[in-house]
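Structural characterization, general
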Amino acid sequence: MNVLTPRHVDAFVERGWCAVEDCFSREAARAKADRWIEEQGFAGKDPLTWGPPIMHRGLKDRFLAKEFSPKAYAAAQDLLGRHAIESWTWGGFIVNTRFRRDQPWRMPGPNEGWHVDGDFFMHYLDSREQSLLTIQVFTDMRSHGGCTVIAEGSYKPIARMLKEHPEGLDPGAVCREAAKVVDFAACPAVEVEQPAGTVVFLHPLMWHASSPNTDGPPRFMMNAVPIIQEPYRFDDPDAACVVERATIAACGGPFPFSPTGERKRYTPDRSAYESKA
């Protein structure tokens, strides 16, 4: 391990996530957020008037995780195995200015936006297209301020469900089937509160949602996806990386996995996300 401690690894396997602070400076985070504000034409304007409550809009110039945050890149390698990452490009902001600001804060209900990420590929248990769910924190994420909320440990029942679908599930189907197996009594919903400069690493099958920003400033984050070179394997615990070991444990032990369907790719219309917020 280059960055992660045994405590990080234990948290990832048991709860499905761990957080690594100081992956980039507050000054660097602020500079990227200010650049986005300028590029969007929002400079000097009240954030409550910027546009939709949640905006999925990127910077004009994307940048490499390895160059911007060597620490985050090394932490991802700790989870994925050295030399496993094929590409990891950052730049797509998710900005929550006022989601449900007109209502008292509450945790999103079971049918309110919970999902598994990955709207651009057919989902298999071994999919390499999204090796991790990651949150790059560019402004402090505080309670009631638009934190991502997660159902801790939820990757375990979702992994078991997906194991039973070697034919693959499209982005909509994987969320519908996941909703059937996640029990919030067993997988408690929590806000991911973290300071700017943190990168949160989550199992790629973590059940999560946006939460209301009822009284905080605009919340800037990214969820850039590390793509790995080869699909995951679950038949050799001795050679398995941390993510593979977690999935093997969730499914009850090592097993061979071979997709029976086509590894399709999709071109999602992400502008629809804003209209639904």
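Residue positions within a chain follow its written sequence, with the count starting from 1. This being a predicted model, a pLDDT of at least 70 is required before a residue's local features are given, and a value of 80 or more before pairs of side-chain atoms are given or counted; all residues contribute to the totals for chains, interfaces and linings. Where side-chain values are given, they derive from all heavy atoms of the structure, hydrogens and water being excluded.

1. Focus on the nonpolar core
A general tendency of soluble globular proteins is for nonpolar side chains to be buried together. Here, nonpolar core refers to any group of buried Ala, Val, Leu, Ile, Met, Phe, Trp, Tyr and Cys residues whose side-chain atoms link them within 4.5 Å. Only protein chains enter the accessibility calculation, which uses a 1.4 Å probe; a residue whose area is less than 20% of its type maximum is buried, one above 50% is exposed, and one in between is partly exposed. In this structure, W36, L80, W88, W90, F201, W207 and F220 are the most contacted members of the largest nonpolar core, which totals 73 residues. In terms of residue count, helix α4 (residues 70–80) provides more of this core than any other element does, 6 residues in total. Among the nonpolar cores identified, the runner-up in size contains 16 residues, and W17, A19, I150 and M221 belong to it. Under the scheme used here, helices are H or I runs from DSSP no shorter than 4 residues and strands are E runs no shorter than 2 residues, and both carry numbers assigned from the N terminus.

2. Regarding the packing of aromatic side chains
Aromatic pairs are defined between Phe, Tyr and Trp rings, using the six-membered ring for Trp, whenever the two ring centres lie within 6.5 Å; interplanar angles under 30 degrees are classed as stacked, those over 60 as edge-to-face, and all others as tilted. Tallying each qualifying case throughout the model produces 23 aromatic pairs. Both rings, one in W36 and one in W50, keep their centres 6.0 Å apart while their planes meet at 55°; by these two values the pair is tilted. Here W36 is found in helix α2 (residues 26–40), whereas its partner W50 is found in the loop between α2 and β2 (54–64), with 14 residues between them in sequence. Where F93 meets F220, the ring centres are 5.3 Å apart and the plane angle is 90°; that geometry is what we call edge-to-face. Placement of the pair is F93 in strand β4 (residues 89–96) and F220 in strand β10 (residues 219–222), with a sequence separation of 127 residues. Judged on exposure class, the residue F93 and its partner F220 are both buried. Sitting over a ring, as applied to charges here, requires NZ of Lys or CZ of Arg to be within 6 Å of the ring centre and within 35 degrees of the ring normal. When the ring centre of F63 is taken as reference, the NZ or CZ atom of K32 above it lies at 4.0 Å.

3. Some words on helix α1 (residues 6–15)
Of all the positions in α1, only H8, V9, A11, F12 and V13 are classed as buried. Residue contacts are defined here by distance: any two heavy atoms, one from each residue, within 4.5 Å place the two residues in contact. Looking at the buried side of α1, the elements it contacts are β1 (17–20), α4, α5 (155–163), β8 (199–202) and α7 (242–250). G16, located one to two residues past α1, shows a positive phi value of around 95°.

4. Details of the pairing of β1
The two faces of β1 match: W17 and A19 on one face and C18 and V20 on the other face are all buried. By the convention used here, strands pair only if DSSP detects at least 2 bridges between them. Where β1 and β8 come together, 4 bridges link them in antiparallel fashion. Across the sheet, residue C18 finds its bridge partner in β8, namely F201.

5. A word on the sheet that holds β4
What the 6 strands build is an open sheet, ordered β1-β8-β5-β10-β4-β2; its pairing is antiparallel. Where the open sheet ends on each side, the last strands, each with one partner, are β1 and β2. Adjacent strand axes in the sheet meet at a mean angle of 25° when their direction is disregarded. As defined by bridge partners, strand β5 (residues 133–137) adjoins β10 across 2 bridges and the pair is classed as antiparallel. In the sheet register, Q136 faces β10, and the bridge partner there is M222. Fitted lines through C-alpha atoms serve as axes, helices being fitted only where they are in contact, and the angles separating the N-to-C directions of these axes extend from 0 to 180 degrees.

6. Digging into unusual backbone geometry
Even without glycine at this site, D22 takes up a positive phi of about 60°. Within the secondary structure, D22 sits in the loop between β1 and α2.

7. Section: the packing of α5 against α7
Close contact between α5 and α7 brings their axes to 9 Å; oriented N to C, the two are set at 75°. One element, α5, and the other, α7, form an angle in the roughly perpendicular class. Across from Y155, K156, A159 and R160 in α5, the residues of α7 making contact are A246, T247 and A250. Each angle is binned into one of four classes, with values under 35 degrees roughly parallel, values over 145 roughly antiparallel, values of 65 to 115 roughly perpendicular, and all other values oblique.

8. Some words on the sheet that holds strand β7 (residues 189–191)
Here 3 strands make up an open sheet; going across it, the order is β7-β6-β9 and the pairing antiparallel. With one partner strand each, in any of the chains shown, β7 and β9 (208–210) form the two edges of the open sheet. Sheet twist, expressed as the mean angle between neighbouring strand axes with direction ignored, is 25°. For strand β6 (residues 148–151) and β9, the ladder comprises 3 bridges, and the chain directions are antiparallel. The residue of β9 that forms the bridge with I150 is H208.

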